[in-house]
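Read off the chains here:
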Amino acid sequence: MGYATVMSVPRVQTYALAKNLHDNTKPIRGRDPEIRPLGNRRDADSYWVKMDGDDVVFMLYKSPVITYKPTGEVVLTPDTYSTVSTHQFFIRVLGVGAQASRNTSVITLGDKRYTIRGKDKLTLRLDKSENWQCVEGAKTQYAWHLNRQEATNVRTRYKEFTTYFKGVVSLRTEEVHIQYYNNSLSGIRVSITELQNAFGVEKSDSTEPHSNNDPDSIIGHMRWMHDQPQRHFNYGTQRAGEYQQGITQFLELIKSDQPEDTKHLNFYRGALAVLMSADRIYQRGQDDNTYIAKAKPIVKALDTVLLKAHAQQVLVRKELPIGSVSKGAYDRWLPEHV
């Protein structure tokens, strides 16, 4: 379904109003099958109303998304389209809250929230106070929660590197003046030359992406370590594999159980990879061979990277009360099917 910027459709909350609207709307002349517009006649191909037996059906393009029953129930379905236009339609016609979350429609009724996915249906009814209540179709929802003991175990495993990294941040953080905004931010400078020397990469005169002068090329797939991996798992992109490769390479660099003669260099490389894959500060006139990582969130960002890398160990799935949905704090750390 498309993305509607302005949706001129009436508020209709009862079967009687829906039936009256259908019966008193003239069909578009010359159309077969019959189309009766819902709102402006010029929008008839976008929003229209039809009968299905005794049911009144409000159509969004070619999908029957709202069905009014003679018994008073109103049935909602996104018909596999969890889009902006679908949710605008629900909001404007029924006065409910509606939004998307992870390819799912979330319907808000007062302080309750319900999900509809694919061709699932949610049946509503107005109570005596004319508030919407869900009477059928509420799905059991789950959310991921952090297992604090397992999180502690992961942090302990990488404590030696974390301590090293905190030292790097403390020693190298400086105030960086941002002329455009006339303020300062805490940053850590990393030069291309430093990266090349640390990773044993030959210097190059090329300024093209993926050259030896490109920091993303030097640290490789480790540049995705701050990503939300679920996004790539769900859509099957190449980035899912790249994220896993990058995380595996990073964890190998920062493990405590490695020969002492290579540990310092590997820790140094790991620290640079964290800095160069994090948020950066951009300065007007900045030397192209120097990059500035934002210092303030970087230690917390490292903690998140480590926990995400061990998401199946540190997260536990818990059932939520009916009418509740996940707040999504950890939803993007794992594929949906896990």
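This section reports on the structure supplied with the text.

How each quantity is defined
- Residues numbered from 1 in each chain as written.
- Predicted model: local features only at pLDDT ≥ 70, side-chain atom pairs only at ≥ 80, totals over all residues.
- Heavy atoms only, no water.
- Helix = DSSP H or I, 4+ residues; strand = E, 2+ residues; numbered from the N terminus.
- Buried < 20%, exposed > 50% of the residue type's maximum accessible area, 1.4 Å probe, protein only.
- Contact = heavy atoms within 4.5 Å.
- Areas by Shrake-Rupley, 256 points an atom, 1.4 Å probe, with all protein chains shown as cover.
- Phe/Tyr/Trp six-rings, centres within 6.5 Å; stacked < 30°, edge-to-face > 60°.
- Lys NZ or Arg CZ within 6 Å of the ring centre and 35° of its normal.
- Polar contact = N/O pair within 3.5 Å; in protein donor to acceptor, adjacent residues only side chain to side chain.
- Pairing = 2+ DSSP bridges.
- Axes fitted to C-alpha atoms, helices over the stretch in contact; angles between N-to-C directions.
- Core = buried A, V, L, I, M, F, W, Y, C linked by side-chain atoms within 4.5 Å.
- Salt bridge = Lys/Arg side-chain N within 4 Å of Asp/Glu carboxyl O.
- Left-handed = near helix turned anticlockwise from the far one by under 90°.
- Nonpolar A, V, L, I, M, F, W, Y, C, P; charged D, E, K, R; others polar.

1. Details of the overall build of the protein chain
- What the protein chain contains, in helices and strands, is eleven helices and 16 strands.
- Looking at the protein chain as a whole, 44% of its 338 residues are labelled buried.
- In the protein chain, of all internal contacts separated by at least 6 residues, the share reaching a separation of at least 24 is 57%.
- Carbon and sulfur atoms make up 46% of the accessible area of the protein chain, which totals about 18,600 Å².

2. Observations concerning the packing of aromatic side chains
- One pass over the structure, following the stated rule, counts eight aromatic pairs.
- Relative to Phe-250, the ring of Phe-161 has its centre 6.0 Å away and its plane inclined at 85°; by these criteria the two rings are edge-to-face. Separated by 89 residues along the polypeptide, Phe-161 in helix 4 (residues 159-172) and Phe-250 in helix 8 (residues 238-254) bring together distant segments of the chain. Here Phe-161 and Phe-250 have matching classes, each one buried.
- Among the aromatic side chains, those forming a connected cluster through ring pairs are Phe-161, Tyr-164, Phe-165, Phe-250 and Phe-267.
- For Arg-317, the ring lying beneath its charged end belongs to Tyr-142, and the centroid distance is 3.9 Å.

3. Describing the side chain of Asp-303
- Relative to the assigned elements, Asp-303 resides in helix 10 (residues 298-309).
- Separated by 2.7 Å, the side chains of Asp-303 and Arg-155 make a polar contact.

4. With respect to the sheet that holds strand 8 (residues 112-116)
- Read across the sheet, three strands follow the order 6-7-8 without closing on themselves; strand pairing throughout is antiparallel. Two strands bound the open sheet, and with one partner strand each, they are strand 6 (97-101) and strand 8. Going from strand to strand, the sheet's axes swing by 30° on average, the running direction of each strand aside.
- Alignment of strand 7 (residues 104-109) against strand 8, held across five bridges, turns out to be antiparallel. Paired with Thr-108 across the two strands is Arg-113, which belongs to strand 8.
- Along the sheet, helix 2 (residues 84-94) makes contact with strand 6 and strand 7, crossing strand 6 at roughly 165°.

5. A short note on the nonpolar core
- Counting residues in each nonpolar core, the largest one holds 46 residues, and the members touching the most others are Phe-165, Leu-195 and Phe-250.
- A total of seven residues in this core trace back to one element, the largest contributor, which is helix 9 (residues 260-277).
- Those residues in contact with Phe-165, other than ones at most four positions away along the chain, are Ala-271, Val-274, Leu-275, Ile-298, Val-299 and Leu-302.
- Counting residues in each nonpolar core, the second largest holds 31 residues, with Val-49, Ile-66, Phe-90 and Ala-98 among its members.

6. Let's talk about helix 5 (residues 192-199)
- The element helix 5 is extensively covered by neighbouring structure, given that six of its eight residues are classed as buried.
- Taken together, the buried positions of helix 5 are occupied by Ile-192, Glu-194, Leu-195, Gln-196, Ala-198 and Phe-199.
- Packed against the buried residues of helix 5 are helix 4, strand 13 (183-191), helix 6 (215-219), helix 9 and strand 15 (290-294).
- Phi turns positive one or two residues past the end of helix 5, at Gly-200, with a value near 65°.

7. Brief notes about the pattern of salt bridges
- The final tally for this structure, using the stated rule, is 13 salt bridges.
- When the shortest N-O distance is used, the salt bridge between Asp-216 and Arg-280 registers 3.5 Å. Taken together, the residues span a long stretch of sequence, with Asp-216 in helix 6 and Arg-280 in strand 14 (residues 280-281) at a distance of 64 residues.
- For Arg-280, a relative accessible area of 17% corresponds to the buried category.

8. What about the packing of helix 4 against helix 9?
- As a packed pair, helix 4 and helix 9 sit with axes 10 Å apart at the nearest point and diverge in direction by 60°. Here helix 4 and helix 9 pass one another in a crossing that is right-handed. Taking contact as the criterion, the partners of Glu-160, Phe-161, Tyr-164, Phe-165 and Arg-172 in helix 4 are, on helix 9, Lys-263, His-264, Phe-267, Tyr-268, Gly-270, Ala-271, Leu-272, Val-274 and Leu-275.
- Considering only residue class, the contact of helix 4 with helix 9 consists of nine nonpolar, two polar and three charged.

9. Things to note about the sheet that holds strand 13
- Read across the open sheet, the four strands follow the order 12-13-15-14; overall the sheet is antiparallel. Sheet topology places strand 12 (174-178) and strand 14 at the edges, where each strand pairs with a single neighbour.
- Bridging between strand 13 and strand 15 involves five bridges; their strand directions are antiparallel. Bridging across to strand 15, Ser-191 finds its partner in Thr-290.
- Along the sheet face, helix 4 touches strand 12 and strand 13 and points at about 120° away from the line of strand 13.

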